[in-house]
Amino acid sequence: MCVSGCAAMIHARQLFGRVLGLRFGSLRVRIAVLYAALFTVVLALIVIITTGGLSRFAEASAARDLAANARVFDEILDVRADQISTQADVLARDFGFREAVATGDVPTISSALASLEKRAASESAFVLTLEGDVLRPGKTGIPDPMPLLSRLDAGGTRGIIMTDSGLALAAAAPIEAPDLIGWLVMAQPLDRAELDQLVGLAPIALEARVIDTRNQPQWLRAAITGTVFSREEQERALYYTANLAVLQEGITPRLVLRHALAPTLAEFSRINWLVSLLALAGIILVFGLSWRVARSVTEPLQQLDEATRLIGEGREVTLAIGTDDEIGRLARSFVNMAEAIEERERQIYIGLHDSLTGLASRKLFVEKLGQALTRIRPGDKLMLAFIDLDNFKVVNDTLGHPAGDALLKAVADQMRADYPDALISRFGGDEFAIMMDQIKPDTNLAAVAERLKQCLIASIPIEGQKADCSASIGIAVAPADGTDVSQLMKHADLALYRAKHEGKATYHFFEPELDAQARSRRQMEHEMRRAVERGEFELAYHPLYSVQQQGITGFEALIRWNHPERGLVPPDEFIGLAEETGLIIPIGNWVIREACHQASQWPDDITISVNITPKQFNYSGLPHTIMQALTNSGLAAHRFEIEVTENIFVADTEKVMAILRSLHNLGLRISLDDFGTGYSTLHYLRSFPFDKVKIDRTFVEELGTSSNGHAVIRAITTLADALGMETLAEGVEDAAQYDVLAREGCRHIQGYLFSKPVAASAIAGLLADGAAYQRQLRA
């Protein structure tokens, strides 16, 4: 039983292993099968143990019953022997019978014994004398008297004897008259019929046989008497053996009881079948419950799986969380993870793309440019173009920032449409970049650049108005102009710088001399910084002559750079670079302080004017710098005049107007320089009450060459007088120009006719020698 149970467990484990080894496509099926398989294995083990236990219990019960019935059978044999002994004793005590034995009356003895056999249903009855004679003539089946007599002499009265027909149960009664004269022996054969009759008295089904040891098989002779043992035959059976008492020397009879287990086990097999059916029902129930459990587990997982797939496709996912168990927490964590991923992707996209146009950011563009440079094949070219929109600030300021944003988006959309395979980026503001790779060696790069320029020239409708768009383009081509990102981008930037200085709506390819010019600019920038620290800048003062007063009424401060190696550097060589680099702020602050300091030493009716560039004007510290210079020098505010051009209005007109008003309210005088050269000068004159208008030298130069020059001067002076503003003409170099200007109503004159710009040390002489101007003018 143990061997079969272990084999079943091993088989079940192998089966379980095979089940676990199956690769089902559905997690729900795997979970359900796993739970059902586990329960099936456990239940199979329980069934095996239960059925095995029932079988062992049935066998043990049968063994106990057989042992108990063996004792009962012994008692039945004893009872049977008592019955035989009693019947024999009755006849042995009969007086007539004793007398017949004593007298040797054989016929009487034979008649009495025959009557006894009939009455007791005995096989044989005979008288054995003390001399060993048998008194029963003609009776067959009587055993050898001598072995029987020796057992009787030893005191035996009952036991098994051997007759001609086989073993028989015998009992002997003494015949006394009055002394012992013989034995009445009565025998009952122990054949199958007799034994079956005895077995019928037992409570369980038995088979009984009495076998002499000499006739027993080996396995039976080897069995231990008085114990129950099993033996596998055609069917399994239990055996019990017991030695029987003998009444005859020379025999060793043994009682053998056999109990077939099949009927007993058959009764328990119904229980086994019931247990198996219950187990099968349990398996079915567990499989159903496992399926429900698996579904409760896998349905949320399937939702998570579907959500993961949708997220992978870039679609929006809404996941309902209905529980607070592990699955619910997993779903909540998944939602949080998805939101975090979405937020990170959004941040990454924002970091790698321009939020306004959706173009690549500078960071992404640089990364892609580096990758493209590493992939460039021999003979192929890569074009990098830096783009700067022309007059974007004008659109931004005149139409508003939303219009400027709309223009940027329109330009981005146009480039995307015309160059779908190119990498396009917005670096910031109105600066764009485009990269075109895998350009074949025979490609006309100038034609590519011209097409790009034409792509950016357009009249774009914005909020019902037309905004003219064009761009300056700087181009560098790899590998000729560079093979790494920084070098190529630097060369494209240098080319853009040149294109912007050459005019609008143009492009320029990088040339090696541009690099040299850039190095020269960097060197000059370095020297300018050093000049600020070392005080290499100085001021020259250009007199302002009043036509009405016929004398000098002020000076314009003009900066000069006294370079220790180059000598005197004119402003047009470094002011533009100072404006680009921001050095104009510290330089301009120094000019304001120095001009105020010098003017404070002049007569109180002499003014000082200082040019303020757009970069300076946008500097938030300008008002404070001016007021601090006035305070430190003691110069009255009405003697300080700032000169601005209309370029200051490009950034933010309303802000500029507010700053101008705040400076004007401080008592400063403000003049509009280079009047007539811009597009919107009249608009600015109407918007802000300037104190003075400076007529550009180009109009003065035309007085001697154009018949319209007089009319232009007359129109400007008439307009200025109407607006309550003074006028000043620049670049007056001869008396004829002076006469026309004076006749047309110009109030102030400035130019070489009167004096070149002079150092601060020469101003006192100029002021003292005012008559010299009169004489020169009349001459």
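Details of the structure are given in the entry above.
Caption draft 1: The sheet that holds strand 8 (residues 236-243), seen in detail. As summarised here, the arrangement of the 4 strands in space is 6-9-8-7, forming an open sheet in which the pairing is antiparallel. For this open sheet the edge positions go to strand 6 (207-212) and strand 7 (228-232), each flanked by a neighbour on one side alone. Looking at each pair of strands side by side, their axes are set apart by 30 degrees on average, direction ignored. Pairing between strand 7 and strand 8: 5 bridges, direction antiparallel. Residue Glu-232 lies in a different strand from strand 8, and its bridge partner there is Arg-236.

Caption draft 2: Main features of the pairing of strand 14 (residues 465-469). Across 5 bridges, strand 13 (residues 458-462) lies against strand 14 in antiparallel orientation. The partner of Ser-459 across the bridge, within strand 14, is Asp-468.

Caption draft 3: Seen up close, the sheet that holds strand 15 (residues 471-478). Reading across the sheet, the 5 strands line up as 11-12-10-15-16 and stay open at both edges, with mixed pairing between neighbours. Of all the strands in the sheet, just strand 11 (423-428) and strand 16 (507-509) have a single pairing partner and so form its edges. If you compare each strand with its neighbour and ignore which way they point, the axes differ by 20 degrees on average. Relative to strand 15, strand 10 (residues 381-389) is paired through 8 bridges, and the arrangement is antiparallel. Bridge pairing in strand 15 links Ala-385 to Ile-475. Contacts between helix 12 (residues 401-418) and the sheet are confined to strand 10, strand 11 and strand 12 (431-439), with strand 12 contributing the most and set at about 5 degrees to the helix. Along the sheet, helix 14 (residues 485-502) contacts strand 10, strand 11, strand 15 and strand 16; its crossing angle with strand 15, the most-contacted strand, is approximately 145 degrees.

Caption draft 4: Expanded view of helix 4 (residues 106-120). Look at helix 4: 20 Å from first C-alpha to last across 15 residues, which is about the 21 Å you get at 1.5 Å a residue. The set of residues buried in helix 4 consists of Ile-109, Ser-110, Ala-112, Leu-113, Leu-116, Glu-117 and Ala-120. The arc that holds every buried residue of helix 4, seen down its axis, measures 165 degrees, which confines them to one face. Every exposed residue of helix 4 that faces more than 90 degrees away from the buried side is listed here: Pro-107, Lys-118 and Arg-119. One or two positions beyond helix 4, positive phi appears at Ala-121, with a value near 55 degrees.

Caption draft 5: The pairing of strand 23 (residues 692-695), seen in detail. Neither face of strand 23 is left uncovered, since the one carrying Lys-692 and Lys-694 and the one carrying Val-693 and Ile-695 both have all their residues buried. Two strands pair when backbone bridges link them, and strand 22 (residues 669-675) and strand 23 are joined in this way by 3 bridges, in the parallel orientation. Bridged to Leu-672 within strand 23 is Val-693.

Caption draft 6: Structural detail: the packing of aromatic side chains. All chains considered together, the criterion is met by 11 aromatic pairs. Ring geometry for Phe-555 and Trp-602: centres 5.1 Å apart, planes at 55 degrees, overall tilted. Residue Phe-555 is located in strand 18 (residues 551-563), and its partner Trp-602 is located in the loop between helix 17 (584-599) and strand 20 (607-611); the two are separated by 47 residues in the primary sequence. Under the relative-accessibility criterion, Phe-555 is labelled buried at 0%. Here Trp-561 and Phe-574 contribute two aromatic rings whose centre-to-centre distance is 5.6 Å and whose plane-to-plane angle is 80 degrees, an arrangement assigned as edge-to-face. Here the residue Trp-561 occupies a position in strand 18, and Phe-574 occupies one in the loop between strand 19 (567-569) and helix 16 (575-581), the gap between them amounting to 13 residues. Judged by its relative accessible area of 0%, Phe-574 is buried.

The rules behind the values
Residues numbered from 1 in each chain as written. Predicted model: local features only at pLDDT ≥ 70, side-chain atom pairs only at ≥ 80, totals over all residues. Heavy atoms only, no water. Pairing = 2+ DSSP bridges. Helix = DSSP H or I, 4+ residues; strand = E, 2+ residues; numbered from the N terminus. Axes fitted to C-alpha atoms, helices over the stretch in contact; angles between N-to-C directions. Contact = heavy atoms within 4.5 Å. Expected span 1.5 Å × (residues − 1). Buried < 20%, exposed > 50% of the residue type's maximum accessible area, 1.4 Å probe, protein only. Arc of directions from axis to C-beta. Phe/Tyr/Trp six-rings, centres within 6.5 Å; stacked < 30°, edge-to-face > 60°.

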